[in-house]
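Read off the chains here:
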Amino acid sequence: MDITKIPHINEVSAFHGEYKPEDCEKKSTVRFDERQKASRKVLPSIEEAIKRSGLKDGMTISFHHHFRNGDYVVNMVVDQIAKMGIKNLTLAASSLTDCHWPLIDHIKNGVINHIETSGLRGKLAEEISRGLMDFPIIFRSHGGRAAAIETEELHIDVAFLGAPSCDPYGNANGYNRDDENSSCCGSLGYAKLDAQHADKCIVITDHLVNFPNAPFGIPESRVDWVVVVDNIGDPKGIMSGATRYTKNPKELLIAKTAADVIEASGYFEDNFSMQMGSGGASLATARFLRDKMIEKDIKCRFALGGITGQIVQMHEEGLVKRILDVQSFDLIAANSLKNNRFHQQIDASYYASYVNRGAAVNQLDFVILSALEIDVDFNVNVMTGSDGVIRGAVGGHPDTAAGASLTVVTAPLLRGRIPTVCERVNTICTPGNTIDVLVTDQGVAVNPNRPELKEKLIAAGLPVTTIEKLKERAEKVVGKPEPIQYKDRIVGVLMYRNNTVIDVIRQIKED
Amino acid sequence: MNIITTGVAGTMESSDIIVTVEPKAGEGIDLTLESDVMQQFGKQIEKVIRDTLAELGVNSACVSAVDKGALDCTVAARTMAAAYRAAESTDYVFNEVKKK
């Protein structure tokens, strides 16, 4: 038969001519167990994977930060890339931390000439603040990065994704159901998105398990190659046993006040939704909320975000119905993701992107966040220290602040001699118009754009004052700090969650 | 007040300052200061130390101070204690430290 005679055949999409048996891949007849051992995806070395990926000068590589300060993957991969003589790469990590200081040499020798990340700490951050790089660091929130990746504006050529378990076909996960000795990071939320959009995706694991490694965080359909190494990270740095409740009385006071604010706000009703930031006071708020939930007999429909053992405890007690987990903050959270059916792993776009068809941050009643500094216009800095040096991460701060109906920032009024409430923050990470309430150990301030909220809090007998008064109070105790001296050179750019420039970080002046 | 030996007061705890006062040949106060909040409060801390010594009538001394974010009242109190010890004087008059 002449297939060209089929009516309209040339208008049919996905039409590849006539079937010929010899053009099709020959089917395998060996036992599946033998077949998976011979999987062509499994490569003998990172070097081989880099070669196969076609990585060239000027391309963009990506990494996730689920291994926190225990990560070996970034340094291992960039060392290998340097040995192979590839230069001028953009390193687009979901975040970077203290353990990534060896990147300093790879910046100096020209392997990395541009970095995108959510955060930066330690020696690398200090060197950047002193002007190490010509190209400023681009800081994006978790939602802003997700949006940039899914619109392909930030195009990832090769993603190198560490995973505590993976099968020979690339089904990867943040825990291991086959071997208890494996390291465990819980959710792979940030890696999931990179796997979804990168041209080439390489999973690096230290535990190759039998197919199928289900349930999986990253599906084999997105994975090109798998490399097995001795160690993907230091388990102790990847995860601490449990996030401990603070014993600091000042933080406990702040947490108790924050819980009272939420109770009085009108958002603490049955089926509410919430997210807790990772600061001491914001975490401790969970404990006080738990007591109030039991007392009032109300349940939380879902808890979002970075998940801790406190949230898991409330889930297992039936107080929190569902957990949406983009990042597990401790081992209890990671094990809950592994064992609890209604503890759901989500990716960074689902969590916080502003361009997709629905992000969970927009379904939040309230979020409790922390701040290094907050100014009289409620702008928040979570990025630069009081000396102007980079030592923080934007994370999901601006995303959740914009999404939640009630955004509460918790912070001590003073940290040593440094006032938290100031005239103008060093670096704006989250704009003040998205912050509703500031809770300090010395009073509560409500954003003037929420007068109805202020009335509710006053009616509940909370210690409500104005942010200007909090600032004056701080200055009365410690004095008025002199502003930090910077040079003109820009070393970092803060992108708001819609990827517009909200602020810049300049080189520090040291003399 | 004459400085005749080495006097130390304070600790390295946060929100404290450790002040060391030593004899010096000739007039004047030689001051070295290290502080966690040098950029924001360095000048103010130096002013408090110098004013406190002037009030005590200390005209000649080598002073070194390591600050961990102490408030002005702490800076003044530690400076006074170090000066009294360095002068081997027990002639204290206890009263409130006045705001500088």
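Note that the structure is a prediction, hence the values are computed from the model and not measured.

Student: It is not clear to me how the overall build of chain B should be interpreted in this structure. Could you clarify?
Tutor: Each helix and strand in chain B was counted, giving two helices and four strands. For a compact globule of 100 residues, the expected C-alpha radius of gyration is about 13 Å, and chain B comes in at 12 Å, within 12% of that figure. The 100 residues of chain B split such that 36% are buried.

Student: Just to check I follow, could you spell out the interface of chain B and chain A for this structure?
Tutor: The accessible area lost on association of the parts is a frequent measure of interface size. Counting residues at the interface gives 11 residues for chain B, matched by 12 residues for chain A. Considering every element that reaches the side of chain B that touches chain A, the biggest residue donor is helix H1 (residues 38–56) of chain B, with five residues. Partitioning the side of chain B that touches chain A into residue classes produces three nonpolar, six polar and two charged.

Student: How should I be thinking about the packing of helix H6 (residues 142–150) of chain A against helix H7 (residues 189–197) of chain A in this particular structure?
Tutor: All names here are of chain A. Two elements in contact, H6 and H7, have axes separated by 10 Å at closest approach and are oriented at 10 degrees. The pairing of H6 with H7 is recorded here as roughly parallel in orientation. The hand of the H6/H7 crossing is left-handed. Across the interface between the two elements, Ala146, Ile149 and Glu150 of H6 pack against Leu193, Asp194 and His197 of H7. Of the residues in the contact of H6 with H7, the class split is three nonpolar, one polar and two charged.

Student: Quick question: what am I supposed to make of the domain arrangement of chain A here?
Tutor: Residue and element names in this part refer to chain A. For chain A, the assigned domains read domain 1 (40–238) and domain 2 (249–483). Summarising the inter-unit geometry, the C-alpha centres of domain 1 and domain 2 are found 29 Å apart. Facing the 31 residues of domain 1 at the interface are 34 residues of domain 2. Broken down by element, the residue count for the side of domain 1 that touches domain 2 peaks at six residues, all from H6. Of the residues in the side of domain 1 that touches domain 2, the class split is 12 nonpolar, 14 polar and five charged.

Student: Even after reading the chapter, I still don't get the nonpolar core, so can you show me in this structure?
Tutor: Soluble globular proteins tend to bury their nonpolar side chains together. Ranked by size, the top nonpolar core spans 185 residues in total, and within it A:Leu161 and A:Ile202 carry the most contacts. Excluding residues that lie within four positions of it along the chain, A:Ile202 makes contacts with A:Ala49, A:Ser53, A:Val158, A:Ala159, A:Phe160, A:Leu161, A:Asp224, A:Trp225 and A:Val227.

Student: Just checking my understanding: could you explain the pairing of strand E24 (residues 437–440) of chain A for this structure?
Tutor: On any regular strand, side chains alternate: one points to one face of the sheet, the next to the other face. Residue and element names in this part refer to chain A. Neither face of E24 is left uncovered, since the one carrying Val437 and Val439 and the one carrying Leu438 and Thr440 both have all their residues buried. Bridge analysis of strand E20 (residues 406–410) against E24 gives three bridges, and the strand direction is parallel. In the strand pairing of E24, Thr410 is matched with Val439. In this structure, E24 lies alongside strand E25 (residues 443–446), joined through four bridges in antiparallel fashion. The residue of E25 that forms the bridge with Val437 is Val446. Two successive antiparallel strands, E24 and E25, enclose a turn made up of two residues.

Student: Can you help me understand the sheet that holds strand E14 (residues 320–328) of chain A in this one?
Tutor: Sheet strands pair by backbone hydrogen bonding; their relative direction is either parallel or antiparallel. All names here are of chain A. The mixed open sheet is built from nine strands, whose spatial order is E15-E14-E13-E12-E16-E20-E24-E25-E26. A strand with exactly one partner marks an edge of an open sheet, and here the two such strands are strand E15 (343–345) and strand E26 (464–465). Here E14 runs beside E15; their pairing, made up of three bridges, is parallel. Within E15, the residue paired with Leu324 across the bridge is Gln344. Contacting strand E13 (300–307), E14 and E15, helix H12 (residues 331–339) runs over the sheet at an angle of about 115 degrees to E14. Across the sheet, helix H15 (residues 451–459) touches E24, E25 and E26, and the angle it forms with E25 is around 155 degrees.

Student: I'm lost on the environment of A:Met293 in this one. Help?
Tutor: Residues and elements named next belong to chain A. Mapped onto the fold, Met293 is located in helix H10 (residues 280–296). Separated by 253 residues in the primary sequence, Met293 and Arg40 place their C-alpha atoms 53 Å from one another. Leave out the neighbours within four places in its chain, and Met293 touches Ile298, Lys299, Cys300 and Leu319.

Student: Teacher, can you tell me more about helix H9 (residues 249–265) of chain A here?
Tutor: An α-helix turns once every 3.6 residues. As a result, residues three or four positions apart point the same way. All names here are of chain A. For H9, spanning 17 residues, the distance from its first C-alpha to its last is 24 Å, which sits close to the expected 24 Å at 1.5 Å a residue. When we look at burial in H9, the residues that qualify are Glu251, Ile254, Ala255, Thr257, Ala258, Ala259, Asp260, Val261, Ile262 and Ser265. Turning to H9, the residues buried within the fold contact H10, strand E16 (366–370), E20, E24, E25 and H15. Backbone geometry just downstream of H9 places Gly266 in the positive-phi region, at approximately 95 degrees.

Student: Is there a simple way to think about the sheet that holds strand E1 (residues 42–43) of chain A in this case?
Tutor: Residues and elements named next belong to chain A. The mixed open sheet is built from 10 strands, whose spatial order is E1-E11-E10-E7-E2-E3-E4-E6-E27-E28. Two strands bound the open sheet, and with one partner strand each, they are E1 and strand E28 (501–508). Relative to strand E3 (residues 89–93), strand E2 (residues 60–63) runs parallel, the two being bridged by four bridges. Counted as the bridge partner of Phe63 is Ala93 from E3. Docked against the sheet, helix H3 (residues 73–83) engages E2, E3, strand E4 (112–117), strand E7 (158–163) and strand E10 (200–205), running at close to 140 degrees with respect to E7.

Student: Looking at this structure, how should I read unusual backbone geometry?
Tutor: Glycine aside, a negative phi is what most residues show, and trans is what most peptide bonds show. All names here are of chain A. For the peptide bond that leads from Phe211 to Pro212, omega is -10 degrees, which places it in the cis range. For the bond from Ala214 to Pro215, the omega torsion is -5 degrees, close enough to zero to count as cis. Positionally, Pro215 belongs in the loop between E10 and strand E11 (225–228). In this model, Glu152 sits at a positive phi of 70 degrees, which is unusual for a non-glycine residue. Relative to the elements of secondary structure, Glu152 occurs in the loop between H6 and E7. Positive phi values are uncommon outside glycine, yet Asn271 reaches one of about 70 degrees.

Student: In this structure, what is going on with helix H2 (residues 72–86) of chain B? I would like to understand it.
Tutor: Residue and element names in this part refer to chain B. Counted at 1.5 Å a residue, the expected span for H2 with its 15 residues is 21 Å, and the 21 Å between its end C-alpha atoms agrees. Taken together, the buried positions of H2 are occupied by Asp72, Thr74, Val75, Ala76, Arg78, Thr79, Met80, Ala82, Ala83 and Ala86. Buried residues belonging to H2 abut strand E1 (7–9), strand E2 (17–22) and H1. Following H2 by one or two positions, Glu88 adopts a phi angle in the positive range, close to 50 degrees.

Student: Explain the pairing of E28(A) to me, please; I cannot follow it from the model alone.
Tutor: All names here are of chain A. As defined by bridge partners, strand E27 (residues 486–495) adjoins E28 across six bridges and the pair is classed as antiparallel. Considered in E28, the bridge of Gly492 is made with Ile505. Hairpin connection from E27 to E28: five residues lie between these consecutive antiparallel strands, with Asn499 at a positive phi of about 60 degrees.

Student: Can you help me understand the confidence of the model for chain B in this one?
Tutor: Fine structural detail should not be taken from predicted coordinates in areas where pLDDT scores are low. Residues and elements named next belong to chain B. In the predicted model, chain B carries a mean pLDDT of 93, and the fraction of residues at 70 or more is 96%. Within chain B, H1 has the poorest average pLDDT of any element, 95, and E2 the best, 98. Model confidence for the complex: the whole-complex pTM is 0.93, and ipTM, which rates the interface, is 0.87.

How each quantity is defined
- Residues numbered from 1 in each chain as written.
- Chains lettered and ligands numbered in written order.
- Predicted model: local features only at pLDDT ≥ 70, side-chain atom pairs only at ≥ 80, totals over all residues.
- Helix = DSSP H or I, 4+ residues; strand = E, 2+ residues; numbered from the N terminus.
- Rg over C-alpha atoms; globule rule 2.2 N^0.38 Å.
- Buried ≥ 20, exposed ≤ 12 C-beta atoms within 10 Å, placed from the backbone.
- Contact = placed C-beta atoms within 7 Å.
- Nonpolar A, V, L, I, M, F, W, Y, C, P; charged D, E, K, R; others polar.
- Axes fitted to C-alpha atoms, helices over the stretch in contact; angles between N-to-C directions.
- Parallel < 35°, antiparallel > 145°, perpendicular 65-115°, else oblique.
- Left-handed = near helix turned anticlockwise from the far one by under 90°.
- Domains from an automatic or database assignment.
- Core = buried A, V, L, I, M, F, W, Y, C linked by C-beta atoms within 7 Å.
- Pairing = 2+ DSSP bridges.
- Expected span 1.5 Å × (residues − 1).
- pLDDT = per-residue confidence, 0-100.

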